[in-house]
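Architecture and fold: a report
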Amino acid sequence: MYTLIDGKATAAQIKAEIREEVEKMVASGQRRPHLAAILVGHDGGSETYVHNKVLACEACGFTSTLIRYEDNITEAELLQKIDELNHDDDIDGFIVQLPLPKHINEQTVTEAIHPGKDVDGFHPTNVGRMAIGLPCFISATPLGILTLLQRYGIATSGKKCVILGRSNIVGKPMAQLMMQKQYGDSTVTVCHSRSANLKEECRQADILIAAIGRPGFVTADMVKEGATVIDVGTTRVPDASRKSGFRLSGDVCFQEVAPKCAAITPVPGGVGPMTICMLMLNTLKAGQGCE
Ligand code: NAP
């Protein structure tokens, strides 16, 4: 019987721990950590993500500020606001919700955020510091996966870890973390759309992390008996039986893969809830003046 890695319960537990820490800070005369979020336009997904981040701030006892702009804001105006937030001592960390409208360069915006306030961990300074094992803000999704592995006592040191996907926000930072001695300490293979023998690579994995955005891609014949499988994929697939008209589908064919696993994350309720929770953890660190 496999262990179901419950990201929802773990995230709730961590948010309660953060809240306890915040109340201690307040009792000792410090102010609450303060997260600001900039939301440009009215993209449905972004609205939901930012709304959930504001709710998570409340659950953790943080102060939060939502700054909204219409999608005709110029890049210069947005950069001006980022500069203000960089210099605002009342704000510990802030995020600019992506994606941005096409006329705004996301990389320019990401690099304009002061690395010490970049609680999303996307600034090249944080990415680079993470890659060489220095204190930094680690981006939320890979940090959430690492935290799930740790909290479920899944051994990673010396194990073979295969990561599907090489994006900047999941695959690459995940590979860095799993490889490093102070984090995963694993032997890591990264597969992508040009990888030869992908199935054979996956079959070698003690820990298989799928982050490609292809519903049901990982099938039972790709998984070693007793492996741990982490499903990062969250693709919206049409589902007329749902009020929303869609459901979230993972990259793993759960029904057939789960019986072969020692442990596995579900979708939804696995990696997803950990992502916002790790943003909260980074904000707590920012509020405590450390990265
Ligand atoms: P992405 O930027 O689209 O990258 C996808 C990666 O998968 C690329 O490296 C691509 O290879 C690889 N890939 C695509 N099809 C493949 C195939 N058939 N075989 C092997 N590799 C393949 O995606 P992402 O932003 O990393 O997101 C991946 C998934 O995770 C999405 O479903 C996304 O919604 C989800 N996600 C979830 C969370 C969460 O909090 N739960 C957070 C972030 C992302 P190439 O590089 O060769 O193109």
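Relevant structure appears above.
Attention here is on the structure that accompanies the text. Within each chain, residue numbers correspond to sequence positions counted from 1 in written order. This being a predicted model, a pLDDT of at least 70 is required before a residue's local features are given, and a value of 80 or more before pairs of side-chain atoms are given or counted; all residues contribute to the totals for chains, interfaces and linings. Side-chain numbers come from the whole structure's heavy atoms, not from hydrogens or water.

The next point concerns the packing of aromatic side chains. We call Phe, Tyr and Trp rings a pair once their centres come within 6.5 Å, taking the six-membered ring for Trp, and we label the pair stacked below 30 degrees between planes, edge-to-face above 60, and tilted otherwise. Enumeration according to the criterion identifies one aromatic pair in this entry. Both rings, one in Tyr2 and one in Phe254, keep their centres 6.0 Å apart while their planes meet at 85°; by these two values the pair is edge-to-face. Of this pair, Tyr2 sits in the segment before strand 1 (3-4) while Phe254 is found in helix 9 (residues 254-257), placing the two residues 252 residues apart along the sequence. Labels follow the DSSP assignment, with helices taken as runs of H or I lasting at least four residues and strands as runs of E lasting at least two, numbered in each case from the N terminus.

Time to look at unusual backbone geometry. Both trends apply: most residues other than glycine have a negative phi, and most peptide bonds are in trans. Between Leu98 and the following residue, Pro99, the backbone shows a cis peptide bond with an omega angle of 5°. With respect to the helices and strands, the residue Pro99 is situated in the loop between strand 4 (93-96) and helix 4 (106-112). Between Val267 and the following residue, Pro268, the backbone shows a cis peptide bond with an omega angle of -5°. Following the sequence through the fold, Pro268 ends up in the loop between strand 11 (263-264) and helix 10 (271-287). Backbone geometry places Asp185, a non-glycine residue, at a positive phi of 60°. Mapped onto the elements, Asp185 comes out in the loop between helix 7 (171-179) and strand 6 (187-191). Of note in this structure, Asn197 is not a glycine but carries a positive phi near 55°. As for its placement among the helices and strands, Asn197 is situated in the loop between strand 6 and helix 8 (198-203).

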